[in-house]
Structure formats: C-alpha cells, structure tokens
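The residues making up each chain are set out below.
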Amino acid sequence: MATSTLPAQSSGRSIFKTVLWVFLGLTTLFVFITSEVFLAADYPMYHAYRLQVIADRHFLIPHTLCGVIALLAGPLQFSSRFRERHLKFHRILGRLYVISVFIGSFTGIALAAGRPGLPGTSMQAAAWIVCTTAAFITARNRQTAQHRQWMARSYAVTFTFVSSRVLNLWPRYWSHLGDTLSAVGVIAFTLASLLIVDLGLNWREFTNRRA
C-alpha cells in the first residue's frame, strides 16, 4: 500500500513543479513586457525613472546582468534530472549563481546609496547574500537537504526582482507609492517570499499529524 503511493506522490510533485515554473516564467514575461520594454521605449509614465536608469548605467548594467543570470539559473539548478545527468555543470552554474548574487547585491546597494530606497535595498541584498552563502556552505559540506532549502530561499529573494515589479503598470501604484513606501514594499515582498517558501518547505509538517 505504501509503495503504491510513492509513484502518485512523485507524479503530483512533478506536476506541481511544472505548474510553478510555468507560472514564474509567465510572470517574468509579463514584467519584462510591461516594465522593461516600456522603459526602453520611453513610456511617459516611466520617463523620470528612465532618465535615472541612464544616469546609473555604470552600476545598473552589471546589476541587471547578474540578476538575469541568477534568475535564469534557477530552473536548471532545481531540476533533479538535470543535476543527476550534468553534475559538473550544475556545480559550475552554482558557483556562477553565487558570484552573480554577490555582484548583484553590492551593485544594488551602490545604486540605492544616498536615496530613500537604501534601507529596503540593503535588507533585500542582505537576505540575498545570507541565503546564498548558507546554500553554498551546505553544498560544500554535502548537506544536500539543507542546501536545497537554502537555495529555495535564495531564489525566492532572486525572484523579488520580478514580483516587486508586477504592479508597476498600475498608475496609482507607480505614482502614489513614493520612495519611502517603495522601500517598505521591497522589504515586504522579500519577507513574504521567504515566508511562502518556508511554508512550502514545511508543508508536510503542518499537514501530517504524528502517529
């Protein structure tokens, strides 16, 4: 009876992972179209922000490139099948992910320096570095289960660069939030992402009663 439930559990988990990655991919595509494309086209609502981006390009370019690398590395790093077949590449990509996180974090702080958004960005960067460092250390110590958990938390912070921009197209959100509340919003998105991931990691403990 117990063995017959294992294939069903594995199949359900595989379907959930597929649905999750499709949802994250569509969210990323939506943000890219509604924020970055309009930004490049000098969309009126983003005009002031576009000028700021152009002025900060010496920090913004490495920050964006590293963020994109970390974002795209996630699906491959979380694929058990890919990891088993290409373990060496998995480790190389993992190191690239760690380097990208550190560069992305420090350039993000540099971009926010002297601005009201610095506290929010600093908190986000600190969470990103801590979770990624913990994932790297647990990988080096061959603590596979802990490594996967910390990588999930790290990628949750990575994805806040997408999730925090979902509402950008809503004029009321963009024009009335203000710099200070924007910083609070970044902190809220980061904490919410970490909380959701931890709930997911511990869902079995919440739903299963010990005999």
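Everything here concerns the structure above.
Reference entry: report on the structure contained in this document. The structure presented is a predicted model; accordingly, all values stated were derived computationally and were not measured.

## With respect to helix H5 (residues 87-112)
An ideal rise of 1.5 Å per residue puts 38 Å on 26 residues; H5 measures up with 37 Å between its terminal C-alpha atoms. Two residues or fewer past H5, Gly114 is found with a positive phi of approximately 80 degrees.

## Here's the deal with the packing of helix H6 (residues 118-140) against helix H7 (residues 144-163)
Contact pair H6 / H7: the axes reach a minimum separation of 8 Å and the direction vectors enclose 155 degrees. Considering the angle they form, H6 stands roughly antiparallel to H7. The two elements H6 and H7 meet at a crossing, and its hand is left-handed. Contact residues: H6 offers Gln124, Ala127, Trp128, Cys131, Thr132, Ala134, Ala135, Thr138 and Ala139, while H7 offers Gln146, His147, Trp150, Met151, Arg153, Ser154, Val157, Thr158, Thr160 and Phe161. Looking at the contact of H6 with H7 residue by residue, the classes come out as 10 nonpolar, eight polar and one charged.

## Description of the environment of Val31
For Val31, the location among the structural elements is in helix H1 (residues 2-40). A C-alpha to C-alpha distance of 9.7 Å links Val31 and Phe161, two positions 130 residues apart in sequence. Residue contacts for Val31: discarding those within four places in its chain leaves Glu36, Val162, Arg165 and Val166.

## Side note on the packing of helix H3 (residues 57-77) against H5
For any two helices packed against each other, one specifies the crossing angle of their axes together with the interaxial distance. Orientation of H3 relative to H5, taken along the N-to-C sense of each, is 145 degrees, at an axis distance of 8 Å. Crossing hand, H3 versus H5: left-handed. Contacts between H3 and H5 pair Phe59, Leu60, Pro62, His63, Cys66, Ile69, Ala70, Ala73, Leu76 and Gln77 from the former with His90, Leu93, Gly94, Leu96, Tyr97, Ser100, Ile103, Gly104, Thr107, Gly108, Ala110 and Leu111 from the latter. Looking at the contact of H3 with H5 residue by residue, the class counts come to 14 nonpolar, eight polar and no charged.

## Quick look at the packing of aromatic side chains
Using the criterion set out here, one finds six aromatic pairs in the structure. Aromatic side chains Phe82 and Phe89 sit 5.8 Å apart centroid to centroid with 75 degrees between the ring planes, which places their arrangement in the edge-to-face category. Overall, the relative accessible area of 40% leaves Phe89 in the partly exposed class. Ring pairing ties together the aromatic residues Trp21, Phe78 and Tyr155, which thus form one cluster. Taking NZ or CZ as reference, Arg153 lies 4.5 Å from the ring centre of Trp150, over its face.

## A short note on the nonpolar core
The biggest cluster of nonpolar side chains holds 18 residues, and the ones touching the most others in it are Tyr97, Trp128 and Phe159. Within the residue set of this core, elements represented by two or more residues are H1, H3, H5, H6 and H7. Sort the elements by how many residues they give to this core and H7 lands first, with five residues. In this structure, Trp128 is in contact with Ala70, Tyr97, Val101, Gly104, Ser105, Ser154, Val157, Thr158 and Phe161, ignoring residues within four places of it in sequence.

## A word on the side chain of His63
Mapping His63 onto the fold places it in helix H3. According to the relative accessible area criterion, His63 is buried, its value standing at 15%. Of note is the side chain of His63, whose polar atom sits 2.8 Å from the backbone oxygen of Gly104. Side chain to side chain, His63 and Thr107 meet in a polar contact 3.3 Å long.

## Quick word on the pattern of salt bridges
A complete count under the given rule lists one salt bridge for this structure. Here Arg153 ties to Asp198 by a salt bridge, and the two come within 3.0 Å at their closest N and O atoms. In this pair, Arg153 sits in helix H7 while Asp198 sits in helix H9 (residues 178-201), placing the two residues 45 residues apart along the sequence.

Here is what the cut-offs are and how they apply
Residues numbered from 1 in each chain as written. Predicted model: local features only at pLDDT ≥ 70, side-chain atom pairs only at ≥ 80, totals over all residues. Heavy atoms only, no water. Helix = DSSP H or I, 4+ residues; strand = E, 2+ residues; numbered from the N terminus. Expected span 1.5 Å × (residues − 1). Axes fitted to C-alpha atoms, helices over the stretch in contact; angles between N-to-C directions. Parallel < 35°, antiparallel > 145°, perpendicular 65-115°, else oblique. Left-handed = near helix turned anticlockwise from the far one by under 90°. Contact = heavy atoms within 4.5 Å. Nonpolar A, V, L, I, M, F, W, Y, C, P; charged D, E, K, R; others polar. Phe/Tyr/Trp six-rings, centres within 6.5 Å; stacked < 30°, edge-to-face > 60°. Buried < 20%, exposed > 50% of the residue type's maximum accessible area, 1.4 Å probe, protein only. Lys NZ or Arg CZ within 6 Å of the ring centre and 35° of its normal. Core = buried A, V, L, I, M, F, W, Y, C linked by side-chain atoms within 4.5 Å. Polar contact = N/O pair within 3.5 Å; in protein donor to acceptor, adjacent residues only side chain to side chain. Salt bridge = Lys/Arg side-chain N within 4 Å of Asp/Glu carboxyl O.

This is a description of form; function is not addressed.
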